[in-house]
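Structure assessment
Residues per chain, in single letters:
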Amino acid sequence: MGLLAIALALVAGWIPVALLWQSTHDDAIETLRRDVGERDRELAVAVARRGDTALAQEIAQVRSADDPSLVLALVDAAGRRRAGLGPDRLSFAPTAGFRIARIGTAGDWAAREAGVTLRRWHGGWLVTGRMLDEWEEAQRGIERALLASAIAALVLGVLGGVLLTRYVTRRVDAVALTADAVAAGELHRRVTLPPAGHDAFDRLGLRVNAMLDRIERLMEELRVVTDSLAHDLRSPVARLRARAEAALAARDAGQRDAALNGLIGEADVLGRMLGVLLDISRFEGIARRTGFVAADPAGIAAAVADLYEPVLEDAGIAFATAITPVAPLDLHRELLSQALANLIDNAVRHAPAGGSITLSVVEDGQGVRIAIADRGPGIAPEDRDAALRRFGRLDPARTAPGVGLGLTLVAAVARLHGGHLELGDNAPGLLATLVLPRT
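Just so we're clear, the structure is a prediction, and the values are computed from it rather than from any experiment.

1. Remarks on a nonpolar patch on the surface
Taken together, Met 211, Ile 215, Met 219 and Leu 222 make up a surface patch of nonpolar side chains, about 350 Å² in accessible area. With respect to the helices and strands, Met 219 occurs in helix H5 (residues 200-249).

2. A few points about unusual backbone geometry
The omega torsion across Ala 427 and Pro 428 is -5°, close enough to zero to call that bond cis. Looking at where Pro 428 falls in the secondary structure, it is placed in the loop between strand E11 (420-425) and strand E12 (430-436). Phi is positive for His 122, which is not a glycine, with a value near 50°. With respect to the helices and strands, His 122 occurs in the loop between strand E4 (113-121) and strand E5 (124-131). Its identity is not glycine, yet Ala 427 carries a phi of approximately 50°, on the positive side.

3. Quick look at the sheet that holds E5
The five strands are arranged E2-E1-E5-E4-E3 in an open sheet whose pairing can be described as antiparallel. Strands at the two margins of the open sheet, each flanked by one partner only, are strand E2 (81-85) and strand E3 (97-102). Taking the axes of each pair of neighbouring strands and ignoring which way they run, one obtains an average angle of 25° across the sheet. Pairing of strand E1 (residues 70-75) with E2 involves four bridges; the strand directions are antiparallel. Across the sheet, residue Val 75 finds its bridge partner in E2, namely Arg 81.

4. Remarks on the packing of aromatic side chains
Ring pairs (aromatic) are described by centroid distance and by the angle formed between their planes. Considering all chains together, one arrives at one aromatic pair under this definition. Ring centres of Tyr 167 and Phe 201 lie 5.9 Å apart, and the angle between their planes is 85°; on these two criteria the pair is classed as edge-to-face. Taken together, the positions of Tyr 167 in helix H4 (residues 133-183) and Phe 201 in helix H5 put the pair 34 residues apart, joining distant regions of the chain. Among the residues examined, Phe 201 registers a relative accessible area of 21% and is labelled partly exposed.

5. Some remarks on the sheet that holds E12
The mixed open sheet is built from five strands, whose spatial order is E7-E9-E10-E12-E11. Only two strands of the sheet have a single partner each, and these edge strands are strand E7 (318-323) and E11. The mean inter-strand angle of the sheet, taken between neighbouring strand axes irrespective of direction, is 15°. Together, E7, strand E9 (356-363) and strand E10 (368-374) form the strand contacts of helix H7 (residues 297-314), whose direction differs from that of E7 by roughly 170°. Of the strands in this sheet, E9, E10 and E12 touch helix H8 (residues 333-350), which is tilted by about 20° from E10.

6. Looking at the environment of Leu 343
Its place among the elements puts Leu 343 in helix H8. On the basis of relative accessible area, Leu 343 is assigned to the buried category, the value being 3%. As for Leu 343 and Ala 432, which are separated by 89 residues in sequence, their C-alpha atoms are 7.4 Å apart. Every residue in contact with Leu 343, bar those within four places of it in the chain, is listed here: Ile 372, Leu 407, Val 410 and Ala 432.

7. Some words on the nonpolar core
With 44 residues, the main nonpolar core has Leu 336, Leu 340, Ile 370, Leu 423 and Leu 434 as its most contacted residues. Those elements giving two or more residues to this core turn out to be H7, strand E8 (329-331), H8, E9, E10, helix H10 (406-416), E11 and E12. By residue number, the principal contributor to this core is H8, which donates eight residues. Setting aside residues up to four positions removed in sequence, Leu 423 forms contacts with Ile 379, Arg 384, Ala 387, Leu 388, Leu 407, Leu 430, Leu 431 and Ala 432. With 13 residues, the next largest nonpolar core counts Val 75, Ala 114, Val 116 and Trp 125 among its residues.

Parameters at a glance
- Residues numbered from 1 in each chain as written.
- Predicted model: local features only at pLDDT ≥ 70, side-chain atom pairs only at ≥ 80, totals over all residues.
- Heavy atoms only, no water.
- Patch = residues over 30% accessible without salt bridge, like charges linked within 9 Å, V, L, I, M, F, W, Y side chains within 5 Å.
- Areas by Shrake-Rupley, 256 points an atom, 1.4 Å probe, with all protein chains shown as cover.
- Salt bridge = Lys/Arg side-chain N within 4 Å of Asp/Glu carboxyl O.
- Helix = DSSP H or I, 4+ residues; strand = E, 2+ residues; numbered from the N terminus.
- Pairing = 2+ DSSP bridges.
- Axes fitted to C-alpha atoms, helices over the stretch in contact; angles between N-to-C directions.
- Phe/Tyr/Trp six-rings, centres within 6.5 Å; stacked < 30°, edge-to-face > 60°.
- Buried < 20%, exposed > 50% of the residue type's maximum accessible area, 1.4 Å probe, protein only.
- Contact = heavy atoms within 4.5 Å.
- Core = buried A, V, L, I, M, F, W, Y, C linked by side-chain atoms within 4.5 Å.

The structure is reproduced here in structure tokens:
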């Protein structure tokens, strides 16, 4: 990047001077061509009218003008000077027309260029022109300016390259040092960002910080899951052992069968717990939206409601629906159905006898909202984040059956759809809303 900055500075410094040099060169040549051509035509007209007298007078005027840049000579067919002001011998074979060349073969004439026009005259050639000394001096001045600009551009390029390299290195090192610190176990470290920065490095820092926030949350969740798993598995494992010991100690076949049935029940609880954990990990680990199709969320909700209506009726719980037709979304039908079933199961588990559950589907500015409202104890606002964590069973629910993973699974399905799960107050009861964005 430093070398690129130097190269750009050189190009930026050279191009204007080079264009000026080329423009000056072309203008000077064209002006010289016009002046020499006009002088040649005037001389030709004068000589045609007054003969050699006019030529002699013109040569005398050139000599008296004391202008070393003027050329006016009469040469023979071989290019040797017969009269006038010019080299003793032309350095090129005479031909009619305008040319720029070193016209002499010796002395100053061999070291200097001139623009000359040759015209046939009485078996020889009339040479009219002007030396390019002034023009060459101007060109050398431009070339010196070109060299000076190149040096200045090189210095500025090196300075800019150093500053750019230091800036880039400092910003990249900030990210690298933060990554090293996090890798060493300092999960709280973040990339320091300027208060009003909006360049690419700031955006990189923001994304790295967001990634580190996510990693820290996952590590904290992993710690919570590990602790909760150890805590929640202790009781089922202890009960499994107790059931197994009771089955071994039982002498009566009925007691042994009861103990074995209890053992199977505890094993089923453990199996459901591990199965839900695997489902959550699978949903959160899906990198691409595989299995998604254009589907009607209202239709899926209505199908789940039809499935649970007789179950809730048998449980003595009133079940109502308020489903508004909405346009299809890109959905995973099976996962969305499972998430709604989990929400209804959760509402049934905490709904009092004779209570009610309402399933509603509406669309607003955020997207499609599928809500399950019950009349149970609800969840306090300060406990709702904990309820969405794995094994986030609140104290009043510790004695109830379940593994504390239902709402976590629903939240994982919502994130897979690009949405989220909201927990609110149904006054009384819980209002769990699955928000599915349309984008």
